[in-house]
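The lines below spell out each chain.
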Amino acid sequence: MTTLRTARMLTRYNAWANEMMFNAVAKLPPGEAMGRRCSLFPNIVHTLNHNYVIGLIFQAHLLGQEHGFAARNTPTCPPLDELWHAQREVDNWYIAWSDGLTDAALEETVGFTFVGGGEGAMTRAEILLHIVNHTTYHHGFVADLFYQIPAEPPTTDLPVFRRDVPLKLG
């Protein structure tokens, strides 16, 4: 990924996929979003919280700031509506960030320390690709948890986004 247009499309795709997922979770029967599940995280909301935390961690890396997290998730998570509000703020930040990028900035390397220790370095483009890929990966976990209810998960595939959301990007 080397184009600004792609970076801007990916930030909007990620925000759209999060909206699709949070809206679907909000429509589940009462108690199902926090119901104990057989998965890496104890429930649907905690899985979505992990995506939120990772978004904050890499936002801090992009800003050259400390993120303050000691782990890739928090021991507890906020209620779904609070998490959705916070996730939208982060998604909007990534969209505005991508809109302010230049080609040169997209290819700049950002050094950081992994939460678990050790040093890392990625270009801003690679960080963005990681955020989108990571979110998609864990949306797959949430889809599996929907099937455990059973309920139908939303479709959050990139081609569906491109079909359904008109974009005017530079």
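Parameters at a glance
- Throughout this description, residue numbers start from 1 for each chain and increase along the sequence as written.
- Given that the model is predicted, a residue must reach a pLDDT of at least 70 before its local features are reported, and side-chain atom pairs must reach 80 or more before they are shown or counted; all residues, however, enter totals for whole chains, interfaces and linings.
- Excluding hydrogens and water, the side-chain figures rest on all heavy atoms present in the structure.
- At least two bridges found by DSSP between two strands are what make those strands a pair.
- Only DSSP runs of H or I with at least four residues qualify as helices, and only runs of E with at least two residues qualify as strands; both kinds are numbered from the N terminus onward.
- We call a pair of cysteine sulfur atoms a disulfide when they lie within 2.5 Å.
- Relative accessibility under 20% of the residue-type maximum defines a buried residue, over 50% an exposed one, and the middle range a partly exposed one, all with a 1.4 Å probe and only protein chains included.
- Here, residues are in contact when the closest pair of their heavy atoms is within 4.5 Å.
- Grouping buried Ala, Val, Leu, Ile, Met, Phe, Trp, Tyr and Cys residues that are joined through side-chain atoms within 4.5 Å yields what is termed a nonpolar core.
- We define a salt bridge as a contact between a side-chain nitrogen of Lys or Arg and a carboxyl oxygen of Asp or Glu at a distance within 4 Å.
- Here the axes come from fitting lines to C-alpha atoms, over the contacting stretch only for helices, and the angles between their N-to-C directions go from 0 to 180 degrees.
- Orientation is classified from the angle alone, with under 35 degrees giving roughly parallel, over 145 giving roughly antiparallel, 65 to 115 giving roughly perpendicular, and any other angle giving oblique.
- Note on convention: the crossing is left-handed when the near helix lies turned anticlockwise from the far helix by less than a right angle, right-handed when the turn is clockwise.
- Only Phe, Tyr and Trp rings are paired, with Trp represented by its six-membered ring, and only when their centres lie within 6.5 Å; those with planes under 30 degrees apart are stacked, over 60 edge-to-face, the remainder tilted.

K.L.:
Go over the pairing of strand 2 (residues 119–123), please, and point to the residues and values.
P.N.:
With five bridges joining them, strand 1 (residues 109–113) and strand 2 adopt antiparallel strand pairing. Across the sheet, residue T113 finds its bridge partner in strand 2, namely E119. Hairpin geometry of strand 1 and strand 2 is characterised by an intervening segment of five residues between the two adjacent antiparallel strands and by a positive phi of about 105° at G117.

K.L.:
Could you give an account of the state of the cysteines, with specific residues and numbers?
P.N.:
Following the criterion strictly, the structure yields zero disulfides and no others. C77 carries a free sulfur, and the closest cysteine sulfur to it, the one in C38, is 18 Å from it.

K.L.:
Summarise the side chain of H61; cite the residues concerned and give the values.
P.N.:
Inspection of the secondary structure assignment puts H61 in helix 2 (residues 44–63). Classification of H61 as buried rests on a relative accessible area of 8%. Excluding anything up to four places from it in sequence, H61 contacts H67, V110, F112 and T113.

K.L.:
Any details on the nonpolar core? Residues and values, ideally.
P.N.:
General note: in soluble globular proteins, nonpolar side chains tend to be found buried as a group. Core analysis: the biggest nonpolar cluster contains 49 residues, and V25, I44, L48, F58 and F146 have the highest contact counts within it. Sorting the residues of this core by element identifies helix 1 (4–26), helix 2, helix 3 (80–99), helix 4 (103–106), strand 1, helix 5 (124–148) and helix 6 (158–164) as the ones contributing at least two each. When residues of this core are assigned to their parent elements, the largest contribution, 11 residues, is made by helix 1.

K.L.:
Now, about the pattern of salt bridges: what can you tell me, with residues and values included?
P.N.:
In this structure the tally under the stated criterion is five salt bridges. Its salt-bridge partner being E32, residue R37 comes within 2.2 Å of it at the nearest N-O pair. Taking relative accessible area as the criterion, R37 reaches 14% and is therefore assigned buried. In this structure, the salt-bridge partner of D164 is R163, at a minimum N-O distance of 2.6 Å. D164 gets classed as partly exposed once you look at its relative accessible area, which sits at 41%.

K.L.:
Give me the packing of helix 1 against helix 5: which residues, what numbers.
P.N.:
As a packed pair, helix 1 and helix 5 sit with axes 10 Å apart at the nearest point and diverge in direction by 20°. Here helix 5 runs roughly parallel to helix 1, going by the angle between their axes. Our pair here, helix 1 against helix 5, has a crossing hand that is left-handed. Residues A7, L10, T11, Y13, N14, A17, N18, M21, A24 and V25 of helix 1 pack against L128, L129, I131, V132, T135, T136, H139, V142 and F146 of helix 5.

K.L.:
Could you give an account of the packing of aromatic side chains, naming the residues involved and the relevant values?
P.N.:
For the coordinates displayed, the defined rule picks out 10 aromatic pairs. An aromatic cluster is present here, built from Y13, W16 and F161 joined pairwise through their rings.

K.L.:
Describe the side chain of T11, naming the residues involved and giving the relevant values.
P.N.:
Tracing the backbone shows T11 in helix 1. Note on T11: relative accessible area 3%, which makes it buried. T11 has contacts with Y94, I95, S98 and L128, leaving out every residue within four places of it along the chain.

By themselves these figures say nothing about function.
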